[in-house]
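# Topology and contacts: notes
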Amino acid sequence: MPARRAKSKKMRELEEKYRILQRQIELRRKQSNASTSHTSHTTTTTTTTTSNGGSKSKRTKKLKTPFEECQSLLDRCKKWQISKAFLEPVNWRQLNIPSYPEIVKEAMDLTTVQEKLNSGRYSTPYDFAKDMRLIYQNACTFNKPGTLYHSAALKFARKFEEEFEKKIVDVHEHNEFTRQIAKVTLALIKNSDAAPFRMPVNPRALSIPDYLDVIREPIDLGTILGRVHCYTRFEAFCADLYRVWDNCCRYNPKANAIHQLALRLRDLTTKHLRRLCPTQYARWEESASGDAHAAASPRDMSPYDPSSLFLIGGGGDGDDDVLPKKEAEEEDEEEEEERDQRSLVALDVSDAQFAGGDGGDDDGDEEEEEEEAEA
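First, a word on what this report is: a plain description of the structure on this page.

Rules behind the numbers
- Each residue is numbered by its place in its chain's sequence as written, counting from 1.
- Only residues with pLDDT of at least 70 are given local features in this predicted model, and only at 80 or more are side-chain atom pairs given and counted; all residues enter the totals for whole chains, interfaces and linings.
- Where side-chain values are given, they derive from all heavy atoms of the structure, hydrogens and water being excluded.
- A side-chain nitrogen of Lys or Arg and a carboxyl oxygen of Asp or Glu constitute a salt bridge if their distance falls within 4 Å.
- Where helices and strands are cited, they refer to DSSP runs of H or I of at least four residues and of E of at least two residues respectively, numbered from the N terminus.
- Type-normalised accessible area, obtained with a 1.4 Å probe on protein chains alone, sets the label of each residue: buried when under 20%, exposed when over 50%, and partly exposed for intermediate values.
- A helix is expected to span 1.5 Å multiplied by its residue count minus one.
- Should any heavy atoms of two residues lie within 4.5 Å, those residues are counted as being in contact.
- To obtain each axis, a line is fitted to C-alpha atoms, and for helices this fit is confined to the stretch in contact; angles are then taken between N-to-C directions over 0 to 180 degrees.
- Our angle categories are set so that under 35 degrees counts as roughly parallel, over 145 as roughly antiparallel, 65 to 115 as roughly perpendicular, and the remainder as oblique.
- Note on residue classes: Ala, Val, Leu, Ile, Met, Phe, Trp, Tyr, Cys and Pro are nonpolar, Asp, Glu, Lys and Arg are charged, and everything else, Gly too, is polar.
- Here a polar contact is recorded for every N or O atom pair within 3.5 Å, except that within protein the pair must consist of a potential hydrogen donor and a potential acceptor, and residues adjacent in sequence are included only if both atoms are side-chain atoms.

## Focus on the pattern of salt bridges
For the coordinates displayed, the defined rule picks out 13 salt bridges. In this structure, Glu 165 engages Lys 190 in a salt bridge whose closest nitrogen and oxygen atoms are separated by 2.5 Å. Residue Glu 165 is found in helix 6 (residues 148-172), and its partner Lys 190 is found in the loop between helix 7 (176-189) and helix 8 (203-206); the two are separated by 25 residues along the sequence. Its relative accessible area of 19% is what places Lys 190 among the buried residues. Measuring nitrogen to oxygen at the nearest pair gives 3.0 Å for the salt bridge that ties Asp 240 to Arg 243. Here Asp 240 pairs with Arg 243, and both are found in helix 11 (residues 234-251), just 3 residues apart, close to one helical turn. For Asp 240, a relative accessible area of 5% puts it in the buried group. Salt bridges sharing partners connect three or more residues here, namely Glu 165, Asp 170, Lys 183 and Lys 190.

The following block contains the structure:
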């Protein structure tokens, strides 16, 4: 019987590689089973394959708190090329622009935001975002369209709003109502056509001194976003949102381009509301139609809870329609008590009239009895 032929060197190498691959596959299978059986609400274990065929496990990062996310967002904003002009306060004396403090009433910059964040002066992430918006709003208000700073502010606005929606609203806002109306407003404010409506109208900068005489209740998308966490009634939110476009159309003639732009954005607002808030918008539309049978009931139109990020109390600018739900309910109860008291007073008066007639006659009878007693 011929002797068994020895394995070649190449065959031995192939067999050794095959055994190594089998061990790696078995090891990865065990690690996968272990990771699925051991879970945690803060961290999870995952396995990744290295370039040389090995495997290693890594831990995912712990979920950041809302204010930690604000700090990370601020750090990223500072690194943007377009943010260089917004890092420090505007030195209007050095830049020889004496009109700056007259036009920009509340200056803001990234360094000031950092100081306020460090000292805990923000009650909610929405307050932090309000100051961040103030940075690009001031730049757009003071600088004319087409200039370097105005263009940088527009880019800053879009990038910041995208980051804020992605990192704060989508992740940390657990109140469905607040998240929905915030996403509606963010969808509008990120639209490039809505740039003129991102900040309050400045009559001095735009040379329209009669604006506040014509428009008694000015409003803008930035102001709405600044108090979006305070809204508890959908009808109040819609009223503010549509008033942005209605004010523009009321002040500017129909032939004006911005009048037509406001009409298009008004239609876009309706589309966003129907897409992102279908139930609330349908209910509000029915109640606004004036149909007594189709209108929403008082129970359906009851206030929503304020934002889940409403960490410290306060009702924004004091508007009755943006109060927390508890305060709104207390006001409703007080109104009901007043109505009940008025009803009781009316009943007391009617009972008195029914029992004794006119009060003047009673007094006359008493006087006659006294005169008879004296006689």
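After that view, the rundown keeps rolling.
## Looking at helix 6
Within an α-helix, residues lying three or four positions from one another point in the same direction, as the helix has 3.6 residues per turn. Compared with an ideal rise of 1.5 Å per residue, which puts 25 residues at 36 Å, helix 6 spans 35 Å between its outermost C-alpha atoms and is within 8% of the ideal. Turning to helix 6, its buried residues are His 150, Ala 152, Ala 153, Phe 156, Ala 157, Phe 160, Glu 161, Phe 164, Glu 165, Ile 168, Val 169 and His 172. Those residues of helix 6 that are buried are in contact with helix 2 (66-79), helix 4 (110-118), helix 5 (125-142), helix 7 and helix 10 (221-226).

## Some points on the packing of helix 6 against helix 7
The contact between helix 6 and helix 7 brings their axes to 11 Å, and the two run at 170 degrees. Between helix 6 and helix 7, the angle falls in the class roughly antiparallel. Here helix 6 contributes Glu 161, Glu 165, Val 169 and Asp 170 to the contact with helix 7, which in turn contributes Arg 179, Ala 182, Lys 183, Leu 186 and Ile 189. Classifying every residue of the contact of helix 6 with helix 7 by side-chain character gives 4 nonpolar, no polar and 5 charged.

## Remarks on the environment of Asp 220
Secondary-structure assignment places Asp 220 in the loop between helix 9 (211-214) and helix 10. In the structure, Asp 220 is positioned 19 residues away from Val 201 in sequence and 7.9 Å away in space, judged by C-alpha atoms. Excluding its chain neighbours within four sequence positions, the residues that come into contact with Asp 220 are Gln 137, Phe 197, Arg 198, Met 199, Pro 200 and Val 244. A polar contact of 3.0 Å, which involves the side chain of Asp 220, links it to the backbone nitrogen of Gly 222.

## Notes on helix 2
For helix 2, built from 14 residues, the straight-helix expectation of 20 Å at 1.5 Å per residue is met to within 8% by its first-to-last C-alpha distance of 20 Å. The set of residues buried in helix 2 consists of Glu 69, Cys 70, Ser 72, Leu 73, Leu 74 and Cys 77. Turning to helix 2, the residues buried within the fold contact helix 4, helix 5 and helix 6.

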